[in-house]
Amino acid sequence: MVIYCMSDIHGELDKFERMLDLIHFSDEDHLYILGDVIDRGALGVDILRRIMEESNMTMLLGNHEQMCLSTLGTHNEFGARDLWRMNGGSSTYRELLYHRTHQERNEILHFLSDLPDHLELTVGEQKFHLVHGCPGADHDTRIWGRVEPDSRSPYPDTICIVGHTPTVFLTDRPDEDFSIWHGDGILDIDCGCGSMKAVHRRLACLRLDNLAEFYVGGTSGDEVVLPQADSSLR
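Each value, and the rule that gives it
Residues numbered from 1 in each chain as written. Predicted model: local features only at pLDDT ≥ 70, side-chain atom pairs only at ≥ 80, totals over all residues. Heavy atoms only, no water. Helix = DSSP H or I, 4+ residues; strand = E, 2+ residues; numbered from the N terminus. Contact = heavy atoms within 4.5 Å. Salt bridge = Lys/Arg side-chain N within 4 Å of Asp/Glu carboxyl O. Buried < 20%, exposed > 50% of the residue type's maximum accessible area, 1.4 Å probe, protein only. Pairing = 2+ DSSP bridges. Disulfide = S-S within 2.5 Å. Axes fitted to C-alpha atoms, helices over the stretch in contact; angles between N-to-C directions.

Asker: I'd like a description of the side chain of Arg201, backed by residues and values.
Answerer: Note that Arg201 resides in the loop between strand E8 (186-188) and strand E9 (202-207). With residues up to four places along the chain from it excluded, the contact list for Arg201 reads Glu12, Lys15, Phe178, Cys191, Gly192, Cys193, Gly194, Ser195, Met196, Gly217 and Gly218.

Asker: Can you break down the environment of Ile159 residue by residue, with the values?
Answerer: Considering the arrangement of structural elements, one finds Ile159 in strand E6 (residues 158-162). Each C-alpha atom of the pair Ile159 and Phe128 lies 4.8 Å from the other, and the pair is 31 residues apart in sequence.

Asker: Break down the pattern of salt bridges for me, with residues and values.
Answerer: Applying the stated criterion to the full structure yields 14 salt bridges. Lys15 is the salt-bridge partner of Glu12, the closest N and O atoms lying 2.8 Å from each other. When sorted by exposure, Glu12 lands in the same class as Lys15, which is buried. Its salt-bridge partner being Asp46, residue Arg100 comes within 3.0 Å of it at the nearest N-O pair.

Asker: Could you give an account of the side chain of Glu12, naming the residues involved and the relevant values?
Answerer: One can find Glu12 in the loop between strand E1 (3-6) and helix H1 (13-22). What makes Glu12 buried here is its relative accessible area of 4%.

Asker: Provide a residue-level description of unusual backbone geometry, including the pertinent values.
Answerer: The residue Asp8 is not glycine, and still its phi comes out positive at about 50°. Checked against the element boundaries, Asp8 lands in the loop between E1 and H1. Classification of Asp8 by relative accessible area gives buried; the value is 2%. In this model, Asp39 sits at a positive phi of 75°, which is unusual for a non-glycine residue. Tracing the chain through its elements places Asp39 in the loop between strand E2 (30-33) and helix H2 (44-53).

Asker: Give me the lowdown on the sheet that holds E8, citing residues and values where you can.
Answerer: Taken in spatial order, the five strands line up as E4-E5-E6-E8-E7 in an open sheet, and their pairing is mixed. Of all the strands in the sheet, the pair left with one neighbour each is strand E4 (118-123) and strand E7 (181-182). The sheet contact formed by strand E5 (residues 126-131) and E6 spans four bridges and is parallel. Counted as the bridge partner of Phe128 is Ile159 from E6.

Asker: Explain the state of the cysteines to me, using residue names and the numbers behind them.
Answerer: Here, the word disulfide means a covalent bond between the sulfur atoms of two cysteines. For the coordinates displayed, the defined rule picks out zero disulfides. Considering cysteine sulfurs only, Cys5 is the nearest to Cys205, which forms no disulfide, with 7.4 Å between them. Under the relative-accessibility criterion, Cys205 is labelled buried at 0%.

Asker: I'd like a description of the pairing of E4, backed by residues and values.
Answerer: Where E4 lies against E5, six bridges are found, and the strand directions are antiparallel. Bridge pairing links His118 to Val131 in E5. Hairpin remark: E4 followed by E5, antiparallel, with two residues in the connecting loop; positive phi at Gly124, about 65°.

Asker: Please provide a residue-by-residue account of the sheet that holds E1, values included.
Answerer: Judged by pairing direction, the sheet is mixed, and its six strands sit side by side in the order E3-E2-E1-E9-E10-E11 without closing on themselves. Two strands close off the open sheet at either side, each with one partner strand: strand E3 (57-59) and strand E11 (223-225). Adjacent strand axes in the sheet meet at a mean angle of 20° when their direction is disregarded. Bridge analysis of E9 against strand E10 (residues 212-217) gives six bridges, and the strand direction is antiparallel. Bridge assignment links Arg202 to a residue of E10, and that residue is Gly217.

Okay, here's the thing in structure tokens:
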């Protein structure tokens, strides 16, 4: 079994399907998705349904799924719909309300309400902490917090893998295809999907067995970046 991780697909179903082809994803493999499957792009609900149908895909809660729950879930919050709309949620809102049956909408909301906001796993001898936003002690930090260029893993001998913050904001290289950011024990794998005007946006995927990187989109086309023998996190 090979373990993969991706994040922040934001409705770009074409890139998601191309990535599954690029990594030759099979029934024997497992994929962890660190949230923000929906919004901005138009097909986030379709991606959600695919994840719900697959026993070898595990999804974490992202802030966009939380905004969906806060708007349409059983514990809806005042002002949540406006916040969601300002953050690109209109397409998901319309899809769930007007193009899905009441039963299907409830199934999706129930699925989202059961998602964890972080996971710990070990692949080989390496420990990983998976979280959408930022490693932290509270729910809001884990889904809304952002890593900074000087952030470091708070957990000994553990690599934290995050999304949420497009890596261009950590590398300050807007004229290059976005790529996975390597920090001090932290990897950010949000390479800008959903930012439709950003020609350098890509979907990134990390193979946890050896930290190989896979990319679809951008200006350079689909590619695989294999780890160097002497590469390591700082």
